[in-house]
Amino acid sequence: KGMPDKFIFQGVHMLFNGSFDERFRWRDDEVRECRLVFIGRNLDREALQRGVMECKVGPLRFSVGDAVEANCEEWQAGTVLKLWDEGNPYRIRLQNGDECWGPVDTDEFVRKPVAGGGGRGRAKNSPWWEQPGKGKGSRKPWQARR
């Protein structure tokens, strides 16, 4: 959601791959929809439909202008600037002026401000960019591009 390019996914047996492909751009007048085609014998149609629908994005918890805290190495206070920025549910301006993305709409990444001042302090969970293979380069991976 929020991307100009279509996401192309292909899988055969246990091998699969997917990415946004700049060769396939959404037209302004095009209805954005997802299509999955399953080819096989004796497929459980109801189980496939149920599984796909469980992945559907629901309404976001926060709106533009809402005060939030973002998990950026530590919890930092900020304000939601934009919804669905480069495929991320939230773009957030932190109080120090940096901008970051909320990559998933869960309390692990973006939460309501903690009562009693909160705002800063070490995040309880390891952020996604500290996982193996993440966080390479000089820019912190949680920072939004300007």
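Residues numbered from 1 in each chain as written. Predicted model: local features only at pLDDT ≥ 70, side-chain atom pairs only at ≥ 80, totals over all residues. Heavy atoms only, no water.

**Thoughts on the overall build of the protein chain**
Our working definition: For the purposes of this entry, the term helix denotes a DSSP run of H or I that reaches at least four residues, the term strand denotes a run of E that reaches at least two, and both are numbered from the N terminus. When accessible area is computed with a 1.4 Å probe and restricted to protein chains, residues below 20% of their type maximum are described as buried, those above 50% as exposed, and intermediate ones as partly exposed. The criterion used for residue contact is that any of the two residues' heavy atoms lie within 4.5 Å.
The helix and strand tally for the protein chain stands at one helix and seven strands. Seen in sequence order, the protein chain has helices and strands lined up from the N terminus as β-β-α-β-β-β-β-β. Looking at the protein chain as a whole, 27% of its 146 residues qualify as buried. Taking the contacts inside the protein chain whose residues are at least 6 apart along the sequence as the reference set, 45% of them involve residues at least 24 apart.

**Quick look at the side chain of D21**
Within the secondary structure, D21 sits in strand β2 (residues 15–25). Relative accessible area serves as the criterion here: at 14%, D21 is assigned to the buried category. If we ignore the near neighbours within four places in the chain, the residues touching D21 are D5, K6 and I8.

**Description of the environment of R61**
This is how the line gets drawn: Two N or O atoms form a polar contact when they lie within 3.5 Å of each other; inside protein one atom must be a possible hydrogen donor and the other a possible acceptor, and for residues adjacent in sequence the pair counts only when both atoms belong to side chains.
Structurally, R61 can be placed in the loop between α1 (45–53) and β3 (67–72). Put simply, R61 and T106 are 45 residues apart on the chain and 8.7 Å apart in space, counted from C-alpha to C-alpha. Of the polar contacts made by the side chain of R61, one reaches the backbone oxygen of T106; its length is 3.3 Å.

**A closer look at the pattern of salt bridges**
Going by this rule: A pair is scored as a salt bridge if a Lys or Arg side-chain nitrogen falls within 4 Å of a carboxyl oxygen belonging to Asp or Glu.
Per the stated rule, a full pass over the model turns up twelve salt bridges. R25 serves as the salt-bridge partner of D5, at 2.2 Å between the closest nitrogen and oxygen. Of this pair, D5 sits in strand β1 (residues 5–12) while R25 is found in strand β2, placing the two residues 20 residues apart along the sequence. Taking relative accessible area as the criterion, R25 reaches 46% and is therefore assigned partly exposed. Across the salt bridge formed by D29 and R27, the nearest N and O atoms sit 3.4 Å from each other. What makes D29 exposed here is its relative accessible area of 65%. Connected via shared salt-bridge partners are K82, D85, R91, R93 and E99.

**Notes on the packing of aromatic side chains**
Rules: Two aromatic rings, drawn from Phe, Tyr or Trp (for Trp, its six-membered ring), form a pair once their centres lie within 6.5 Å of each other, and the interplanar angle then sorts them: stacked below 30 degrees, edge-to-face above 60, tilted otherwise.
All told, the structure shown has three aromatic pairs when counted by the stated rule. Here F7 and F20 contribute two aromatic rings whose centre-to-centre distance is 5.1 Å and whose plane-to-plane angle is 75°, an arrangement assigned as edge-to-face. Taken together, the residues F7 in strand β1 and F20 in strand β2 connect sequence positions 13 residues apart. Ring geometry for F9 and F16: centres 6.0 Å apart, planes at 35°, overall tilted. A relative accessible area of 47% means that F9 is categorised as partly exposed.

Keep in mind these values describe shape, not function.
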